[in-house]
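# Geometric and topological summary
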Amino acid sequence: MDVRTRVAMRIKALRKQRGLSQEALAELIDRSPDAISNLERGISTPGYDTLDLLAQGLGVPLSDFFTDEGAESPYRAKTLARLNGAARQLDDSTLAKAAAILEILAAAPEAKAI
């Protein structure tokens, strides 16, 4: 999967995770809904300023748009984005517990078969 597609998928996944419509995100970052749609479909590539506004509007670090998480499939990328977004909302103690639970799940023999 190329970088344009990964960035487009991350924008869409993060927007949906935040419960925002394309119109709401567009308003947050002073862009048009059509611009958001084009970004999410990979038709347009966001410039530096737009990426910075998206990161601020979605409450994520700029680097989140370039992670290689889930390069294996769109489903995996969306699921990892959901996990990452949920983890960011946790306090440190709860985050540590969530990480321990995921590590247990990952180590389980049935996790390897999935």
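It should be emphasised that the depicted structure is a prediction, and the values quoted were computed from it without experimental measurement. (Residues numbered from 1 in each chain as written. Predicted model: local features only at pLDDT ≥ 70, side-chain atom pairs only at ≥ 80, totals over all residues. Heavy atoms only, no water.)

## Examining the layout of surface pockets
Of the voids in this model, the second largest pocket is the one considered here, and its volume is about 200 Å³. What lines the second largest pocket is a set of 12 residues, and nearest its centre among them are L83, N84, A86, A87 and L102. At the level of secondary structure, the elements contributing two or more residues to the lining of the second largest pocket comprise α5 (74-88) and α6 (92-107). With six residues, α5 is the largest single contributor of residues to the lining of the second largest pocket. Across the lining of the second largest pocket, the residue classes tally to nine nonpolar, one polar and two charged. (1 Å grid on protein atoms, 1.4 Å probe; cavity = no way out; pocket = protein on both sides within 12 Å on 5 of 7 lines; lining within 4 Å. Points joined across faces, edges and corners; volume = space filled by probe spheres on them. Helix = DSSP H or I, 4+ residues; strand = E, 2+ residues; numbered from the N terminus. Nonpolar A, V, L, I, M, F, W, Y, C, P; charged D, E, K, R; others polar.)

## A short note on a nonpolar patch on the surface
Side chains of L83, I101, L102 and L105 sit close together on the surface and give an oily, nonpolar patch of about 380 Å² of accessible area. If you trace the backbone, I101 turns up in helix α6. (Patch = residues over 30% accessible without salt bridge, like charges linked within 9 Å, V, L, I, M, F, W, Y side chains within 5 Å. Areas by Shrake-Rupley, 256 points an atom, 1.4 Å probe, with all protein chains shown as cover. Salt bridge = Lys/Arg side-chain N within 4 Å of Asp/Glu carboxyl O.)

## As for the environment of P33
Relative to the elements of secondary structure, P33 occurs in helix α3 (residues 33-40). Residue classification places P33 among the partly exposed residues on the basis of a relative accessible area of 33%. The spacing of P33 and S21 is 12 residues in sequence and 8.9 Å in space, taken between C-alpha atoms. Setting aside chain neighbours within four positions, we find P33 in contact with Q22, E23 and A26. (Buried < 20%, exposed > 50% of the residue type's maximum accessible area, 1.4 Å probe, protein only. Contact = heavy atoms within 4.5 Å.)

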